[in-house]
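As a plain string of letters, each chain reads:
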Amino acid sequence: MRLKKIFDSIAFRISVSIAVIIAAAIIAVGWFILMEERKTLEADLRSKGRYLAEFIAHSLINPLLHENPDELGSHLSGPMKSSESLVVSIEVYDKNKEFLQQAYKDETYQDIAPPPLDFKALSENIDIREDSVLPVIYFSLPVYDDSRGTMGFLRISMTKRPLNTTLADLKNKLFFLASAVIFGGILLGLLMARRILRPILILNRGVKSVGEGDIGVEIPVVGEGEIKELAIS
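If you're wondering where the values come from, they're calculated on a predicted model, not measured in any experiment.

Digging into the pattern of salt bridges
- Across all of its chains, the model carries nine salt bridges by this definition.
- With a shortest N-O distance of 3.4 Å, D44 and K48 are connected by a salt bridge. A residue pair is termed a helical-turn pair when its members lie 3 or 4 positions apart in one helix, as D44 and K48 do in helix α2 (residues 10–59) at four residues.
- On the accessibility criterion, K48 (44% relative accessible area) is partly exposed.

Structure representation (structure tokens):
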């Protein structure tokens, strides 16, 4: 019964309203920050992928020219040796669009089945596409030499897992922050509301006493403005 009285009180309703408004504002700002962070991280990932793809393509010119499979394999596995590398697989094709070699970061990524390479979409510019199911971005481009023209084709696959992990951590932090603000806002709102509504509570107790028949009760004149006028009345 006492709990219901607290929930029905004006102070509790005002404090909840304040907390909800603050939480909604934090969630809105947090969502905006999350979206902007996603755009920034994705743009950074695409920039890194473009640079790596162009660098690897340039390093494959000599192996393709001399048709050296061992040298070609070392150039494919090199960018994936670091544990922090985001490149998870690399494919290379010859100028006749025939598959030559493929390398994986580790066995975990051998099950990745990228879609068939769209050679028509390739020109001297890089083609960037995201997988519709897997958290992977594909960077495809021709291996091009100014004097010899197109010598082959390259596609590297980069994982988005670190990006998604970063965004998930940020989302959790925003969730806990919003929860803390709601809880703290309710407590602070209760204290502020009771202080602001104290004159009304005093007046309410006095009116109740009068209603119960205690005509001689003295109701203190508290508050300002309309509340003071009501107390005097």
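And the narrative resumes.
So, the nonpolar core
- Residues L60, L64, I90, F139, V143, L154 and I156 are the most contacted members of the largest nonpolar core, which totals 26 residues.
- Among the secondary structure elements, those contributing two or more residues to this core are α2, α3 (61–66), α4 (69–77), β1 (87–94), β4 (136–145), β5 (149–159) and α5 (161–211).
- Per-element tally for this core: the top contributor is α2, with five residues.
- Those residues in contact with L60 that sit more than four places away from it in its chain are L72, H75, L76, V92, V143 and L154.

Comments concerning a nonpolar patch on the surface
- On the surface, V29, W31, F32 and I33 cluster together into a nonpolar patch covering about 430 Å² of accessible area.
- Relative to the helices and strands, I33 resides in helix α2.
- Judged by its relative accessible area of 40%, I33 is partly exposed.

Quick look at the pairing of β4
- Taking burial as the measure, the ten residues of β4 include nine buried ones, the bulk of the element.
- Relative to β4, strand β3 (residues 127–130) is paired through four bridges, and the arrangement is antiparallel. Of the residues in β4, the one forming a bridge with E130 is I137.
- Connecting the antiparallel pair β3 and β4 is a turn made up of five residues.
- Across ten bridges, β4 lies against β5 in antiparallel orientation. Across the sheet, V143 pairs through a bridge with G152, a residue of β5.

Some details on the packing of aromatic side chains
- Enumeration according to the criterion identifies three aromatic pairs in this entry.
- Between Y51 and F55 the ring centres are 6.3 Å apart and the planes differ by 20 degrees, which places this aromatic pair in the stacked class. Linking Y51 with F55, this pair stays in helix α2, spanning four residues, or about one helical turn. Judged on exposure class, the residue Y51 and its partner F55 are both exposed.
- With 5.7 Å between their ring centres and 65 degrees between their planes, F175 and F176 make a pair best called edge-to-face. Side by side, F175 and F176 carry an identical accessibility label, which is exposed.

Cut-offs used in this document
The residue count restarts for each chain, going from 1 along the sequence in the order it is written. Totals for whole chains, interfaces and linings use all residues, but because this is a predicted model, local features are given only for residues with pLDDT of at least 70 and pairs of side-chain atoms are given and counted only at 80 or more. Side-chain descriptors were evaluated using all non-hydrogen atoms of the structure, hydrogens and water having been removed beforehand. Criterion for a salt bridge: a side-chain nitrogen of Lys or Arg within 4 Å of a carboxyl oxygen of Asp or Glu. Per the convention used, a helix needs a DSSP run of H or I reaching at least four residues, while a strand needs a run of E reaching at least two, with both numbered from the N terminus. Three labels apply to residues, based on accessible area from a 1.4 Å probe with only protein chains included: buried if under 20% of the type maximum, exposed if over 50%, partly exposed otherwise in between. Residues enter a nonpolar core if they are buried and are Ala, Val, Leu, Ile, Met, Phe, Trp, Tyr or Cys, with the set joined through side-chain atoms within 4.5 Å. Two residues form a contact once any of their heavy atoms are found within 4.5 Å. For patches, a residue must show more than 30% relative accessible area and have no salt bridge; joins then use 9 Å for like charges and 5 Å for nonpolar side chains, namely Val, Leu, Ile, Met, Phe, Trp and Tyr. Reported accessibility uses the Shrake-Rupley method at a 1.4 Å probe radius. Residues are deemed covered only where the shown protein chains occlude them. Strands were regarded as paired on the criterion that DSSP finds at least two bridges between them. Classification of ring pairs rests on two measures: the distance between centres of Phe, Tyr or Trp rings, Trp counted by its six-membered ring, which must be within 6.5 Å, and the angle between planes, read as stacked under 30 degrees, edge-to-face over 60 and tilted in between.

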